[in-house]
Amino acid sequence: MVTRTAGVIGWPVTHSLSPVIHETWAQREGRAIRYERLAVEPDDAAFRDAIERLVREGWKGANVTLPHKERALAIADEASGEARAAGAANMLTFSGRAIRADNSDIIGFAQAVAEAGVKPSRALLLGAGGAARGVAIALERRLGVKNIVVANRTRARAEDVARLCGGAVVDWEARADALDGADLLVNATSLGMAEHDPLDIDLTRLSPGAAVADIVYVPLETPLLRAARAKGCTGIDGLAMLMHQAVPAYEAWLGATALVDAGLRARLEAALRLRSNP
Ligand code: NAP
């Protein structure tokens, strides 16, 4: 029997790797699930209609991606403290007619860093968009980073993110200088993503003992990660965060354990290769 689980809601959503992750875990358990990509246009009423339909049809929940993460939080009856702090949710769980919102991007990022054996005490966070807000919360609340510095092209947004995590702000132009003494650099901008400009940062001041996390995962090895690894730094790619953010949803909706391992990574890397060389 097919377990009607959920899907991922976005606009566009054709690129989402979430179905591959959930289906890999379900196959391992010999379970047939339905996890769909649901394209919902960026409009409050369209989003509400889509969620109401899923609730009516008895789905377990939904992952939510751009540009609906704020709407996902707004529609929920109950939300985790982290989702409220981030102002966004990427995971909705339905029980009866009640909707709960979580932000598993925060958990995903923290797990990715912990899994790499990295215990940062001073981090430089680049970016101040939705993803950066989650990273800031993960750094402060889950990884216990005492010293967080935020740099973003639009300084006012960096100030908002710094307030979220008790961090300091440096100008975007001064980002390379802020690497002095940092043991973790995080790229949470969209720079380095395929079809975007690369992230321009001189890594001279970064210690070879530091770690670099790039949450971009297309391409998997961004120019930033390549340069960091060439220097001897530990590199943490965006796929690690993506895999770990899916765990809470699978476990909550199917009541089963979800394992992030080399087999899952291989499936996702294959899916990414197929996408770039169809
Ligand atoms: P977003 O809200 O649109 O934020 C984009 C960020 O990039 C902002 O800080 C923006 O600065 C900065 N930026 C864009 N173009 C720039 C440029 N030319 N120069 C300097 N800064 C620039 O996007 P988001 O949702 O935070 O996502 C950011 C990235 O994270 C995306 O690549 C996304 O795929 C990735 N992501 C990965 C995962 C994962 O699981 N691995 C999860 C979520 C997101 P301004 O504020 O100045 O505009």
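Below, the structure is looked at part by part.

Definitions and cut-offs
- Residues numbered from 1 in each chain as written.
- Predicted model: local features only at pLDDT ≥ 70, side-chain atom pairs only at ≥ 80, totals over all residues.
- Heavy atoms only, no water.
- Helix = DSSP H or I, 4+ residues; strand = E, 2+ residues; numbered from the N terminus.
- Rg over C-alpha atoms; globule rule 2.2 N^0.38 Å.
- Buried < 20%, exposed > 50% of the residue type's maximum accessible area, 1.4 Å probe, protein only.
- Contact = heavy atoms within 4.5 Å.
- Areas by Shrake-Rupley, 256 points an atom, 1.4 Å probe, with all protein chains shown as cover.
- Phe/Tyr/Trp six-rings, centres within 6.5 Å; stacked < 30°, edge-to-face > 60°.
- Lys NZ or Arg CZ within 6 Å of the ring centre and 35° of its normal.
- Polar contact = N/O pair within 3.5 Å; in protein donor to acceptor, adjacent residues only side chain to side chain.

Along its length, the protein carries ten helices and twelve strands. Since a compact globule built from 278 residues should have a radius of gyration of about 19 Å, the 19 Å found for the protein is in line with a globular shape. Counting only C-alpha atoms and orienting by the principal axes, one finds that the protein spans roughly 55 × 35 × 30 Å. Taken over 278 residues, the protein has a buried fraction of 51%. Looking at the protein alone, contacts between residues at least 24 apart form 68% of all its contacts between residues at least 6 apart. Split by element, the accessible area of the protein, about 12,500 Å² in all, is 49% carbon and sulfur.

For the rest of this paragraph, the subject is the packing of aromatic side chains. One pass over the structure, following the stated rule, counts one aromatic pair. Just above the ring of tryptophan 172 sits the side chain of arginine 175; from NZ or CZ to the centre is 4.2 Å.

A few words on the environment of arginine 28. By the element assignment, arginine 28 lies in helix 1 (residues 18-28). When the C-alpha positions of arginine 28 and alanine 258 are compared, they lie 9.6 Å apart, and in sequence the two are 230 residues distant. In this view, arginine 28 contacts Leu259, Asp261, Gly263 and Leu264; residues no more than four positions away in its chain are not counted. A polar contact of 3.4 Å, which involves the side chain of arginine 28, links it to the backbone oxygen of leucine 259.

Looking now at unusual backbone geometry. The residue after tryptophan 11, namely proline 12, is reached through a cis peptide bond having omega 0°. With an omega of 5°, the peptide bond between valine 218 and proline 219 qualifies as cis. The topology assignment puts proline 219 in the loop between strand 11 (211-214) and helix 8 (223-230). The backbone of glutamate 195 sits at a positive phi, close to 70°, despite the residue not being glycine. Checked against the element boundaries, glutamate 195 lands in the loop between strand 10 (184-187) and strand 11. You can call glutamate 195 exposed: its relative accessible area is 85%.

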